[in-house]
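Observations on the three-dimensional arrangement
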Amino acid sequence: MTRAGRFAKKDGQTMEAMPAEMMNDDAAVLRVVEPPRLLVPLVFASPHSGRDYPAEFVAASRLDARMLRRSEDSFVDELYAGVVDLGAPLISALFPRAYCDPNREPYELDPAMFSGDLPDHANTRSPRVLAGLGTIARVVASGAEIYAGRLPVAEAERRIARCYRPYHRRLKDLVEIARRAFGWSLLVDCHSMPSVGGPMDRDSGLSRVDVVLGDCFSAACSPVFTQVAEDTFSHLGYRVVRNAPYAGGFTTRHYGQPRQGSHALQIEINRGLYMDEAQHCHGPDFAKVQADISRVASALAAAAQEFGRK
């Protein structure tokens, strides 16, 4: 599919814009690239690389475009484009994380953000909500407030219905297709992280390693896959740690049920390796990092085939 052919501008910055009327169409809020034939039980997902900004969201925000984009896992969908050649699908959200975050529970919402009563089933006290980073974020990753005033509760319901639910509906379908075909599946949730811990992070001000692997402390997937990812990244010269500061978000916890044959592994890549974080553009080593990620994906595919024979 192609992106919406309109743009939002704010304070001299140009951002890809998604007209509100298009958001009734699943193809306007997510992209799925599937191989001609599913060859491995792997599914790759990029929930935070979306950069199609609804024009009314940009206009209503108190932040400029560059600040809004600080929550993006910029270009992660491009970094993982090669996985389709291995015979695995890649799903990417097109809507931005600052607008709706699919790596949260569907109703992790801060009541102080909204006018009106939230549904009884809303999770209003999770650590993500308290940090301002719920399903509908109150702040961007730098801690800056997005909105000048409160939003109607109906707006939260609209974003969840038009962005969050289609993304997870399609992601669930892809995982189930892999499970039916191979008897089990491995979901790789693809993310990037700022090169330095932000003001809201436990490692604020500290330089970060190259790669963080999150498997919920071995609860979300077989240790085989975490080890293969760690060994391959390390062999390629990357500094790798597990589960700190990211052990895995909602997607990893929700889909990572190894006893039911559903494994999930989160991979966080340091943005300083592949992009200019200030200008939101590719860095000089983008192609190298992209090729290395394809090597890691290939190693996971080989491990998956071996795992399936046991």
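Residues numbered from 1 in each chain as written. Predicted model: local features only at pLDDT ≥ 70, side-chain atom pairs only at ≥ 80, totals over all residues. Heavy atoms only, no water.

Our next topic: the pairing of strand β9 (residues 185-193). Buried residues dominate β9, accounting for nine of its nine residues. Neither face of β9 is exposed, since Ser185, Leu187, Asp189, His191 and Met193 on one face and Leu186, Val188, Cys190 and Ser192 on the opposite face are all buried. As defined by bridge partners, strand β4 (residues 42-46) adjoins β9 across four bridges and the pair is classed as parallel. Following the sheet pairing, phenylalanine 44 is matched in β9 by valine 188. (Buried < 20%, exposed > 50% of the residue type's maximum accessible area, 1.4 Å probe, protein only. Helix = DSSP H or I, 4+ residues; strand = E, 2+ residues; numbered from the N terminus. Pairing = 2+ DSSP bridges.)

What holds strands together in a sheet is hydrogen bonding between their backbones, with the strands either parallel or antiparallel. Spatially, the seven strands line up as an open sheet ordered β3-β6-β4-β9-β12-β10-β11, and their pairing is mixed. Lying at the two open borders of the sheet, with one neighbouring strand each, are β3 (30-33) and β11 (240-242). Looking at each pair of strands side by side, their axes are set apart by 20 degrees on average, direction ignored. Sheet analysis places β3 next to strand β6 (residues 90-93), joined by four bridges and oriented antiparallel. Note that in β6 the partner of valine 32 across the bridge is isoleucine 91. Contacts from helix α6 (residues 153-182) reach β3, β4, β6, β9 and β12 (262-270) within the one sheet, and its direction differs from that of β4 by about 165 degrees. Set on the sheet, helix α9 (residues 286-309) makes contact with β4, β9 and β12; between it and β4 the angle comes to about 145 degrees. (Axes fitted to C-alpha atoms, helices over the stretch in contact; angles between N-to-C directions. Contact = heavy atoms within 4.5 Å.)

Among the nine residues in β12, nine count as buried, and that is most of the element. With burial as the criterion, each face of β12 is covered, one bearing Ser262, Ala264, Gln266, Glu268 and Asn270 and the other bearing His263, Leu265, Ile267 and Ile269. Across four bridges, the pairing between strand β10 (residues 211-214) and β12 is antiparallel. If you follow glycine 214 over to β12, its bridge partner there is glutamine 266.

Quick look at the side chain of glutamate 268 now. Of note, glutamate 268 is situated in strand β12. Here glutamate 268 is buried and forms no salt bridge, its nearest opposite-charge partner arginine 271 lying at an N-O distance of 6.3 Å. Not counting residues up to four positions away in its chain, the partners in contact with glutamate 268 are His191, Ser192, Met193, Asp210, Val211, Val212 and Tyr246. (Lys, Arg positive; Asp, Glu negative; His and termini not counted. Salt bridge = Lys/Arg side-chain N within 4 Å of Asp/Glu carboxyl O.)

Our focus in this paragraph is helix α7 (residues 223-235). Between its terminal C-alpha atoms α7 stretches 18 Å, which fits the 18 Å expected from 13 residues at 1.5 Å a residue. Along α7, the residues that are buried comprise Phe225, Thr226, Ala229, Glu230, Thr232 and Phe233. Buried residues in α7 make contact with β9, β10, β11, β12 and α9. Count one or two residues on from α7 and you reach glycine 237, which has phi positive near 100 degrees. (Expected span 1.5 Å × (residues − 1).)

Membership of the largest hydrophobic core comes to 44 residues, with the highest contact counts inside it found for Phe57, Leu109, Phe114, Ile136, Ile146, Tyr167 and Leu171. When residues of this core are traced back to their parent elements, those giving at least two are β4, α2 (55-60), β6, α6 and α8 (250-255). Sorting elements by how many residues they give to this core places α6 first, with 10 residues. Membership of the second largest hydrophobic core comes to 37 residues, among which are Ile267, Tyr274, Phe286 and Ala297. (Core = buried A, V, L, I, M, F, W, Y, C linked by side-chain atoms within 4.5 Å.)

The next thing to look at is the side chain of glutamate 155. Topologically, glutamate 155 is positioned in helix α6. In this structure the side chain of glutamate 155 is engaged in a polar contact, spanning 3.1 Å, whose partner is the side chain of arginine 158. A polar contact of 2.8 Å, which involves the side chain of glutamate 155, links it to the side chain of arginine 159. (Polar contact = N/O pair within 3.5 Å; in protein donor to acceptor, adjacent residues only side chain to side chain.)

Right, let's talk about the environment of proline 96 for a bit. Tracing the chain through its elements places proline 96 in the loop between β6 and β7 (114-115). Residue class for proline 96 comes out buried when judged on its relative accessible area of 1%. Separated by 47 residues in the primary sequence, proline 96 and serine 49 have C-alpha atoms spaced 6.9 Å apart. Other than its neighbours up to four places away in sequence, proline 96 contacts Gly50, Asp52, Tyr53 and Pro54.

Quick look at the packing of α7 against α9 now. Two elements in contact, α7 and α9, have axes separated by 9 Å at closest approach and are oriented at 145 degrees. For the element pair α7 and α9, the recorded crossing hand is right-handed. Residue-level contacts link Phe225, Val228, Ala229, Thr232 and Phe233 of α7 to Arg295, Val296, Ala299, Leu300, Ala303, Ala304 and Phe307 of α9. Partitioned by chemical class, the residues of the contact of α7 with α9 number 10 nonpolar, one polar and one charged. (Left-handed = near helix turned anticlockwise from the far one by under 90°. Nonpolar A, V, L, I, M, F, W, Y, C, P; charged D, E, K, R; others polar.)

No statement about biological role is implied by the geometric values presented.
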